Amino acid sequence: MFFREFKTTTTASRQAVWALWSDVNRWSTWNPGTAHAELKGPFVAGAEFSMTPSGQDPMPFRLTQVQEGVSFTDETSMGDICVSVEHRIVERVGEPLELVYAARVTGPDAAQIGAAITEDFDDVLSALVREAERDWMAA
């Protein structure tokens, strides 16, 4: 099994971050590793979406958990490999919001696959923060 957490902070509002996360069809506008994403239906647990990583074929995903304004988890399976990524907003009084991506990969070669999948997560979080803070300042 592979597990790795990525964290950053932002001065943007919870609502600004959640608006970006829950609008799957716009992920490619701020996420440098996503060429295209399309949600089929509302942003709720059980919903399916496809995501095309830059330079790759589309991949099917499913939202396994959604806690409105707080967190969501998406999952994809490729044969014996399962990739699950939890995205959460941590709020502490008097501190900036903390944004967390927690990736879990199970199956053969999980460590190698997990490292490859998460190699751009720091960049993705940085891009999310830039976009959320820009949107928050414009509001």
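No experiment lies behind these values; they were computed from the predicted model shown.

Now for the nonpolar core. In this structure, Trp21, Trp27, Trp30, Phe49, Tyr101 and Leu128 are the most contacted members of the largest nonpolar core, which totals 37 residues. It is helix 4 (residues 121-138) that provides the largest number of residues to this core, a total of six residues. Ignoring anything within four residues of it in the chain, the contact list for tryptophan 30 reads Leu20, Trp21, Tyr101, Val124, Ala127, Leu128 and Glu131.

This brings us to the pattern of salt bridges. Evaluated as defined, the whole model comprises eight salt bridges. For glutamate 5, the salt bridge goes to arginine 88, with nearest N and O atoms at 2.9 Å. Of this pair, glutamate 5 sits in strand 1 (residues 2-10) while arginine 88 sits in strand 6 (residues 81-90), and the two are 83 residues apart along the sequence. Linking arginine 134 and glutamate 131 is a salt bridge whose minimum nitrogen-to-oxygen distance equals 2.5 Å. Of the two residues, arginine 134 and glutamate 131 both sit in helix 4, three residues apart, roughly one turn of that helix. On the basis of relative accessibility, which here comes to 48%, the residue arginine 134 falls in the partly exposed class. Through salt bridges with shared partners, a single ionic network connects Glu5, Lys7, Glu86 and Arg88.

Glancing now at the side chain of glutamate 86. With respect to the element layout, glutamate 86 can be found in strand 6. In terms of polar contacts, glutamate 86 uses its side chain to reach the side chain of arginine 88, at 3.0 Å. Glutamate 86 has contacts with Phe72, Thr73, Val100, Tyr101, Ala102 and Arg104, leaving out every residue within four places of it along the chain.

With that settled, the discussion passes to the sheet that holds strand 2 (residues 34-40). Strand order in the open sheet formed by seven strands is 1-7-6-5-4-3-2, with antiparallel pairing between adjacent strands. Only two strands of the sheet have a single neighbouring strand rather than two, namely strand 1 and strand 2. The mean angle between the axes of side-by-side strands here comes to 20°, regardless of whether they run parallel or antiparallel. As paired strands, strand 2 and strand 3 (residues 48-53) are joined by six bridges and run antiparallel to one another. What sits directly across from alanine 37, in strand 3, is methionine 51. Where helix 1 (residues 14-22) meets the sheet, its contacts fall on strand 1, strand 4 (59-67), strand 5 (71-78), strand 6 and strand 7 (97-106), and the angle it forms with strand 6 comes to roughly 155°. Each of strand 1, strand 6 and strand 7 is contacted by helix 3 (residues 110-118), which is oriented at about 20° to strand 1, the strand it contacts most.

Reading the values: the criteria
- Residues numbered from 1 in each chain as written.
- Predicted model: local features only at pLDDT ≥ 70, side-chain atom pairs only at ≥ 80, totals over all residues.
- Heavy atoms only, no water.
- Core = buried A, V, L, I, M, F, W, Y, C linked by side-chain atoms within 4.5 Å.
- Buried < 20%, exposed > 50% of the residue type's maximum accessible area, 1.4 Å probe, protein only.
- Helix = DSSP H or I, 4+ residues; strand = E, 2+ residues; numbered from the N terminus.
- Contact = heavy atoms within 4.5 Å.
- Salt bridge = Lys/Arg side-chain N within 4 Å of Asp/Glu carboxyl O.
- Polar contact = N/O pair within 3.5 Å; in protein donor to acceptor, adjacent residues only side chain to side chain.
- Pairing = 2+ DSSP bridges.
- Axes fitted to C-alpha atoms, helices over the stretch in contact; angles between N-to-C directions.

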